[in-house]
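Tertiary structure, described
The residues making up each chain are set out below.
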Amino acid sequence: MKPIQKTLIMLFAMLLFVSDMGLSAHAASGNADTIIELTSSEGESFEVALPQQTNLPYLRNGMGLGYGFSDGLCYFYNVGEKYGYINRQGQVVYPAELDAAEDYNNGFAYVKKEGVWGFLDTSFRFFPAPGRENWDVFPAYINYQQSAADEQVLEAQYITFQDKDSKLWGVADRRFNTIIPAAWEDRIHNLDDLTPVMKNGKYGYIDKGGTLVIDTVWDFAWPFSEGLAVVEKDGLYGYINEQGDVVIEPQFVEAEPFCFGVAPVLLHREGEEDRWVQVDASGSVNYRPQYQGYEWLTDTLLSVKKNDLYGLMDAQGNLLQKPQWNVIRPFSKGIAMVEGEGGYGFINDRGDVISKPQWDSDYYAYYNASDTSGEPIVSEELTYEYDDVIRVCKDEESGNVHKCGFMDTDGHVIIPPQELLADNFSEGFAAVYHEGKHGYIDKTGKVVIPLQWDKAYAFHNGVALVMQYRPPREGEEPLFANKNVVEEWGLIGKNGQVLIEPKWDQVPLFGEGVIIADEDGLWNVYDMQGNLLSK
């Protein structure tokens, strides 16, 4: 095959997978897939399933759904409590025959099939794993567009798992072939040339084949950086090299990884003051270091700490912003929130100040948080900027008055903060709330859809979900113990016209050109005009 033909086939296969229409049809759908084998530039083989049909049935009379789409799929269950999966078009791509199913996570779902627990990939290949639990994929996808069909992701990703009986951890490839047997007491978070592992309460290092190459003698051990790794012994920290030799004896109260040939270390504590210094790879101490610490924010940017303030530096060591911020939050779409004396502001990844600290709300930090440690994690789905504008908030000094406004990504305030509580913009509109009712404003701040709904969600493909309360009918359970109402959801257009009168019992799920909604306890698929597609 000519190289160009091979490349075109590969691109075609990738697009099919990413588009959600490339999910291989299960045998029950009546059509088998064609499996083609591609070869990477490194000579490794890679299988791709090409679907033979897309004429799949819509979900009909489902008894329940998952919380939303993940990797383009959402589980459902039927009256017999059997589980299957639908795609974003509301089509059943895996029939309801599973005993149990969970949401997809980076290309895999944990399911129970014919009494056996295992993993289902996005091609619906089942990998039995009856003795495994508490699994995760590393590294995770960089963004939503990078899917399980991306060849580079397949080659780079691994699965860490815990043995159900021994509770020990191991590593498998993406086809759940064991690479490193479950023999380690702590979760393995990465698979480098040298990876920290724990046994008998002590840490050492294994190579990529799982062979222990540095004995488990340390109280804790960190990944290597610039050829050296932080290790802990009796509450003090030092550094070892890749041969396991101690190059800097454990002697520091705290220690950070090496960056640009030096590492910040806490020599000792002087009362309430921390005495930070720097060491180089030979162990020489610089008692007047330029910076107290470094932390990577992105692949190309890191924060630098001096006098307990943070600045911004690029990967080449060029200082983009001098240390001046109390906090620099994670970057997303080239923007990060900073905290200073005046409140919260924003900077970009070039080091420019978009908006000086002047805003009162730390809304972004907790709205985007997904790390169990409490550190804010900002993804491309949860970010500061929506629809080319950033929501900002201001609190009145007197009284409990919370105001919301918007600025563009250059820092120009386009809607000054006002008493209407506002959600983020989507498709030129933002849902707003005041005195118990919801409506919409445009980017001039004008109310363009009156505040008349009990709830209102963001616009999606020209339509938005709205809700109104009504009294429960005979036999219906009220939504709240102290409020005798139930919800009904409908659909409106951008001119405020009601496209579908509120009738759905729960918050519907938007797909691609369809809505999956619950009416009278049954989930079905509708088009954007409310016509039933599930027949």
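Above this text you will find the structure in question.
So, here's what we can say about the structure. Everything quoted here is computed from the prediction, not taken from an experiment.

Reading the values: rules and limits
- Residues numbered from 1 in each chain as written.
- Predicted model: local features only at pLDDT ≥ 70, side-chain atom pairs only at ≥ 80, totals over all residues.
- Heavy atoms only, no water.
- Helix = DSSP H or I, 4+ residues; strand = E, 2+ residues; numbered from the N terminus.
- Buried < 20%, exposed > 50% of the residue type's maximum accessible area, 1.4 Å probe, protein only.
- Contact = heavy atoms within 4.5 Å.
- Areas by Shrake-Rupley, 256 points an atom, 1.4 Å probe, with all protein chains shown as cover.
- Polar contact = N/O pair within 3.5 Å; in protein donor to acceptor, adjacent residues only side chain to side chain.
- 1 Å grid on protein atoms, 1.4 Å probe; cavity = no way out; pocket = protein on both sides within 12 Å on 5 of 7 lines; lining within 4 Å.
- Points joined across faces, edges and corners; volume = space filled by probe spheres on them.
- Nonpolar A, V, L, I, M, F, W, Y, C, P; charged D, E, K, R; others polar.
- Core = buried A, V, L, I, M, F, W, Y, C linked by side-chain atoms within 4.5 Å.
- Pairing = 2+ DSSP bridges.
- Axes fitted to C-alpha atoms, helices over the stretch in contact; angles between N-to-C directions.
- Phe/Tyr/Trp six-rings, centres within 6.5 Å; stacked < 30°, edge-to-face > 60°.
- Lys NZ or Arg CZ within 6 Å of the ring centre and 35° of its normal.
- Salt bridge = Lys/Arg side-chain N within 4 Å of Asp/Glu carboxyl O.

On to the overall build of the chain. Counting its secondary structure elements, the chain contains 3 helices and 48 strands. Among the 535 residues that make up the chain, the fraction classed as buried is 47%. Partitioning the contacts of the chain with sequence separation of at least 6, the portion at a separation of at least 24 is 35%. Counting only carbon and sulfur atoms, one obtains 47% of the accessible surface of the chain, whose full area is about 26500 Å².

What follows deals with the side chain of Ser355. Mapped onto the elements, Ser355 comes out in strand S33 (residues 353-359). A distance of 3.2 Å separates a polar atom in the side chain of Ser355 from a polar atom in the side chain of Gln358. At a separation of 3.1 Å, a polar atom in the side chain of Ser355 contacts the side chain of Trp359. In this structure, Ser355 is in contact with Gly345, Phe346 and Met407, ignoring residues within four places of it in sequence.

We now examine the layout of surface pockets. What the second largest pocket holds in volume is close to 310 Å³. In this structure, the second largest pocket is lined by 15 residues; those nearest its centre are Glu256, Pro257, Gly293, Tyr294 and Glu295. Within the residue set of the lining of the second largest pocket, elements represented by two or more residues are strand S26 (293-296) and strand S27 (301-306). Broken down by element, the lining of the second largest pocket gets its largest block of residues, 4 residues, from S26. Broken down by class, the residue content of the lining of the second largest pocket amounts to 7 nonpolar, 4 polar and 4 charged.

As a further point, take the nonpolar core. Within soluble globular proteins, side chains that are nonpolar generally end up buried alongside one another. Counting 14 residues, the largest nonpolar core has Tyr85, Leu98, Ala101, Tyr104, Val111, Leu120 and Phe124 as its most contacted members. Those elements that place two or more of their residues in this core are strand S4 (73-77), strand S5 (83-87), strand S6 (92-98) and strand S8 (108-113). It is S6 that contributes the most residues to this core, 3 residues altogether. In contact with Leu98, other than residues within four places in its own chain, are Glu81, Lys82, Tyr83, Tyr85, Val111, Lys112, Lys113 and Leu120.

Taken in spatial order, the 4 strands line up as S11-S12-S13-S14 in an open sheet, and their pairing is antiparallel. The outermost strands of the open sheet, each flanked by one partner alone, are strand S11 (132-138) and strand S14 (178-184). Within this sheet the neighbouring strands show an average axis-to-axis angle of 20°, counted without direction. Here strand S12 (residues 158-163) runs beside strand S13 (residues 169-172); their pairing, made up of 4 bridges, is antiparallel. Note that in S13 the partner of Gln162 across the bridge is Trp169.

Time to look at unusual backbone geometry. Unusually for a residue other than glycine, Asn200 sits at a positive phi of about 55°. Mapping Asn200 onto the fold places it in the loop between strand S15 (195-199) and strand S16 (202-206). Even without a glycine there, the phi angle at Glu427 is positive, about 55°. Structurally, Glu427 is set in the loop between strand S38 (421-426) and strand S39 (429-434).

Pairs of aromatic rings are described using the distance from one ring centre to the other and the angle between the two planes. Applying the stated rule across the entire model yields 23 aromatic pairs. Ring geometry for Phe108 versus Phe127: centroids 6.4 Å apart, planes at 70°, classification edge-to-face. Taken as a pair, Phe108 in strand S8 and Phe127 in strand S10 (residues 126-128) lie far apart in primary sequence, 19 residues in all. Phe127 shares its class with Phe108; the two are buried. Centroid distance Phe429 to Phe459: 5.2 Å. Interplanar angle 40°. Geometry classified as tilted. Taken together, the residues span a long stretch of sequence, with Phe429 in strand S39 and Phe459 in strand S42 (residues 455-460) at a distance of 30 residues. Of the two residues examined, Phe429 and Phe459, each falls in the buried class. Through a chain of ring-to-ring contacts, three or more aromatic side chains come together here, namely Phe108, Tyr110, Trp117, Phe119, Phe127 and Phe176. The cationic tip of Lys199 hangs over the ring face of Trp184; the distance from NZ or CZ to the ring centre is 5.6 Å. Lying across the ring of Phe425, Lys443 places its NZ or CZ 5.9 Å from the centre.

Another aspect to go through is the pattern of salt bridges. Summed over the entire model, instances satisfying the criterion amount to 13 salt bridges. A salt bridge links Asp99 to Lys82; its shortest N-O distance comes to 2.5 Å. Note that Asp99 is positioned in the loop between S6 and strand S7 (100-101) and Lys82 in the loop between S4 and S5, a separation of 17 residues in sequence. Note on Asp99: relative accessible area 27%, which makes it partly exposed.

This brings us to the environment of Asn241. By secondary structure assignment, the location of Asn241 is in strand S20 (residues 236-241). For Asn241, the side chain forms a polar contact with the main-chain nitrogen of Gln243, separated by 3.0 Å.

Turning our eyes to something else, we now look at the environment of Phe76. With respect to the helices and strands, Phe76 occurs in strand S4. In this structure the C-alpha to C-alpha distance between Phe76 and Glu102, which are 26 residues apart in sequence, comes to 9.7 Å. Beyond its immediate sequence surroundings of up to four residues, Phe76 is in contact with Leu59, Gly64, Leu65, Lys82, Tyr83, Gly84, Tyr85, Ile86, Val92, Tyr94 and Ala96.

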